[in-house]
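Examining the three-dimensional arrangement
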Amino acid sequence: MIAMKIYVAGHRGMVGGAILRGLEARRESGERLTLITATHAELDLTDPAAVRTFMMEQRPDVVILAAAKVGGIHANATYPADFIYENLMIECNVIHQAFEAGVRRLLQLGSSCIYPKEAPQPMREDALLTGPLEPTNEPYAIAKIAGIKLCESYNRQHGTDYRSVMPTNLHGPGDNFHPENSHVLPAFIRRFHEAQKDGQDAVTIWGTGRPMREFLHVDDMAAASLFVLGLDKATYDANTDPMLSHINVGSGTDITILDLAQMVARVTGFQGRIDTDPTKPDGTPRKLMDVSRLTAMGWRARIGLEEGIVDTYRWFLEHQDDFRG
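A short tour of the structure in this document, coming up. Keep in mind it's a predicted model, so treat the numbers as computed, not measured.

The rules behind each value
- Residues numbered from 1 in each chain as written.
- Predicted model: local features only at pLDDT ≥ 70, side-chain atom pairs only at ≥ 80, totals over all residues.
- Heavy atoms only, no water.
- Core = buried A, V, L, I, M, F, W, Y, C linked by side-chain atoms within 4.5 Å.
- Buried < 20%, exposed > 50% of the residue type's maximum accessible area, 1.4 Å probe, protein only.
- Helix = DSSP H or I, 4+ residues; strand = E, 2+ residues; numbered from the N terminus.
- Contact = heavy atoms within 4.5 Å.
- Pairing = 2+ DSSP bridges.
- Right-handed = clockwise from strand over helix to strand, strands pointing away.
- Salt bridge = Lys/Arg side-chain N within 4 Å of Asp/Glu carboxyl O.

Counting 32 residues, the largest nonpolar core has Leu23, Ile64 and Leu109 as the members making the most contacts within it. Looking at this core, the elements that each hand over two or more residues are β1 (4-9), α1 (14-28), β2 (33-36), β3 (62-65), β4 (105-109), α7 (218-230) and β10 (247-249). The greatest single-element share of this core, amounting to 7 residues, is contributed by α7. Residues in contact with Ile64, not counting those within four places in the same chain, are Ile6, Tyr7, Val8, Ala9, Ile19, Leu23, Leu107, Leu109, Leu226 and Leu229. Listed in part, the 24 residues of the second largest apolar core include Ala101, Leu106, Leu150 and Tyr162.

A regular strand places its side chains so that they alternate between the two faces of the sheet. With 7 of 7 residues buried, strand β5 (residues 161-167) lies mostly within the body of the structure. Of the two faces of β5, both are covered, the one formed by Asp161, Arg163, Val165 and Pro167 as well as the one formed by Tyr162, Ser164 and Met166. Two elements, β4 and β5, share 5 bridges in a ladder whose sense is parallel. Bridged to Leu109 within β5 is Val165. Taken together, β4, helix α5 (residues 138-158) and β5 form a β-α-β motif whose crossover is right-handed. As defined by bridge partners, β5 adjoins β10 across 3 bridges and the pair is classed as parallel. Paired with Met166 across the two strands is Asn248, which belongs to β10.

Attention now goes to the pattern of salt bridges. Opposite charge on two side chains makes pairing possible when the charged atoms of those side chains draw close. If you walk through the whole model with that rule in mind, you get 15 salt bridges. Across the pair Arg52 and Glu100 runs a salt bridge whose closest N-O atoms are separated by 3.8 Å. Taken as a pair, Arg52 in helix α2 (residues 48-58) and Glu100 in helix α4 (residues 80-100) lie far apart in primary sequence, 48 residues in all. Here Asp126 and Arg124 are joined by a salt bridge, their closest N and O atoms 2.5 Å apart.

Read these as layout, nothing more, since geometry by itself doesn't imply function.
See the structure below:
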């Protein structure tokens with residue numbers, strides 16, 4: 001068995017952490033893996049010189065780019081410059097310096113927000129760049145589209161094997177439960193938990209509750225990422241296109257925001273009223289990924305939504321002291 005050095009960028013994040021756990025399990029089962037990580041304090045991925053030095057010193061065989069600045073509607077609307085700048089810098093530095101250090105295989109993680117606001121549902125990979133993006137997260141989406149095109153461009157010019165996977169909304173251990181900067185599902189878990197604990201009669205959710213969203217447990221995302229990374233090049237190339245090479249990762253099913261809120265209320269034990277606030281933005285009406293490309297290659301999600309919410313809530317309860325304030 002060939003030994004391999006794998007650098008996981010963003011290993012302290014929810015997705016990077018799940019991927020690292022998956023790789024550690026493989027190492028424990030006998031695969032000869034050397035796993036490389038670095039905290040933000042050890043390596044600022046927005047610093048080109050620092051990333052170059054790190055790559056040249058470590059010389060990984062494979063890079064998994066799971067690092068990104070992420071957040072929900074409020075965070076994206078409040079800090080658009082931060083979101084586009086930091087994500088562009090991370091992608092440019094990691095991808096270019098990986099190439100300079102001789103890395104032939106790389107996997108970068110994007111987001112379903114790359115697709116147009118009015119993209120036909122479910123969203124196929126070929127919907128990319130066919131229409132305007134959702135304004136509330138356009139800067140972030142532009143950066144993630146650039147990441148795809150960086151990978152494709154290095155492949156076309158230099159013959160590298162740089163791949164991209166686009167996950168739907170994720171949840172699970174390590175999620176962000178910040179009251180302002182979290183995504184909808186962890187935000188709901190925290191709000192309904194606190195409402196239940198405080199004996200509140202009602203919880204108000206943003207928007208009409210009618211938009212539909214798809215959710216995937218982070219352990220499924222990690223499994224899908226390692227599956228795509230492990231595909232032989234002939235199989236990957238046969239199922240993609242040099243200028244449309246990304247692969248959607250999702251559960252293939254979606255749910256209304258109101259139904260999601262009711263599910264979270266059930267899991268957390270909240271029995272009060274759920275109100276909607278139509279004066280707040282809904283965001284994209286529907287975001288469902290077409291995962292037929294990935295399914296055809298042999299992978300599908302295994303963890304159901306409610307099962308995943310139970311697991312995420314369990315992790316929240318174990319770490320809730322970290323989220324106070």
